[in-house]
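# Descriptive structure summary
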Amino acid sequence: ISKPGERVNMRRMNIGYLAHLAREKGKIEREDVVGLHENFFNGEELWPPAARALFDLLQARLPACAEWNDFIADAISHYMVDQLEPRGRLDDKNARFLEAMLSRDTVNWSAVDLSILVATMNRAGAAPPRLQAFALQLSRALLAAGRIGAEAQRAEEQKEELAQAA
């Protein structure tokens, strides 16, 4: 098992282990996303424990590199629509599962949660009414909390500028 700061070859590793390494470091870096991407999109069937590890990593709400949001939205939407039965669409059972996974921490909802919903509904081409209602609820909550919209974008840009200056 590696220690924080130790370089690890992330090709062909268990997704759960890669998620564990990121949690252990306390942040999600570009190399973590590259390793997760290589292991997630390798043409093999994704097992539920690996998908659960991604949901758990999302719920950890760790500081993350810019690539994380795109990866997690693409990975979860791919799993929900292309890996779970019925493949190619999103039925009510899977919509309830996605809603439950994203609702585990409603206090810390973020724009990435909304990105996951939108990516999943877009990939499926349609979504059950319950998921559409959930997306609207999430959008309203994020807007009210100032986590999406123009003000949130400006705050994020200022945070990035400060981080680069440091």
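For the structure itself, consult the block above.
Residues numbered from 1 in each chain as written. Predicted model: local features only at pLDDT ≥ 70, side-chain atom pairs only at ≥ 80, totals over all residues. Heavy atoms only, no water.

### Observations regarding the packing of aromatic side chains
Considering all chains together, one arrives at six aromatic pairs under this definition. With a centroid separation of 6.4 Å and 90 degrees between ring planes, the pair formed by Phe-41 and Phe-71 is classed as edge-to-face. Taken as a pair, Phe-41 in the loop between helix H2 (30-40) and helix H3 (48-59) and Phe-71 in helix H4 (residues 66-83) lie far apart in primary sequence, 30 residues in all. Relative accessible area serves as the criterion here: at 4%, Phe-71 is assigned to the buried category. Ring geometry for Trp-109 and Phe-134: centres 5.7 Å apart, planes at 70 degrees, overall edge-to-face. (Phe/Tyr/Trp six-rings, centres within 6.5 Å; stacked < 30°, edge-to-face > 60°. Helix = DSSP H or I, 4+ residues; strand = E, 2+ residues; numbered from the N terminus. Buried < 20%, exposed > 50% of the residue type's maximum accessible area, 1.4 Å probe, protein only.)

### Re the nonpolar core
Counting residues in each nonpolar core, the largest one holds 48 residues, and the members touching the most others are Trp-68, Phe-71, Ile-72, Met-80, Leu-98 and Leu-131. Residue contributions to this core peak at nine residues, all from H4. Beyond its immediate sequence surroundings of up to four residues, Ile-72 is in contact with Leu-54, Leu-58, Val-112 and Ile-116. (Core = buried A, V, L, I, M, F, W, Y, C linked by side-chain atoms within 4.5 Å. Contact = heavy atoms within 4.5 Å.)

### Observations concerning the pattern of salt bridges
Scanning all chains against the criterion turns up twelve salt bridges. A salt bridge links Glu-67 to Arg-30, with the nearest nitrogen and oxygen atoms 3.5 Å apart. With Glu-67 in helix H4 and Arg-30 in helix H2, the pair connects residues that are 37 residues apart, well separated along the chain. Judged by its relative accessible area of 52%, Arg-30 is exposed. What emerges from the salt-bridge pattern is a single network uniting Lys-25, Lys-27, Glu-29, Glu-31 and Asp-32. (Salt bridge = Lys/Arg side-chain N within 4 Å of Asp/Glu carboxyl O.)

### Considerations on helix H1 (residues 15-25)
Taken residue by residue, H1 has Ile-15, Leu-18, Ala-19, Leu-21 and Ala-22 as its buried positions. Angularly, the buried residues of H1 cover 155 degrees about the axis, an arc narrow enough to put them on a single face. Looking at where H1 begins, the residue whose side-chain oxygen comes 2.6 Å from the main-chain nitrogen of Gly-16 is Asn-14. (Arc of directions from axis to C-beta. Polar contact = N/O pair within 3.5 Å; in protein donor to acceptor, adjacent residues only side chain to side chain.)

### Considerations on the packing of H3 against helix H5 (residues 92-102)
Think of two packed helices as two axes; the pair is described by the angle between the axes and how far apart they sit. Running from N to C, H3 and H5 cross one another at 35 degrees; their axes reach a closest spacing of 10 Å. Where H3 abuts H5, its residues Arg-52, Phe-55, Leu-58 and Gln-59 lie against Phe-97, Leu-98, Met-101 and Leu-102. Across the contact of H3 with H5, the residue classes tally to six nonpolar, one polar and one charged. (Axes fitted to C-alpha atoms, helices over the stretch in contact; angles between N-to-C directions. Nonpolar A, V, L, I, M, F, W, Y, C, P; charged D, E, K, R; others polar.)

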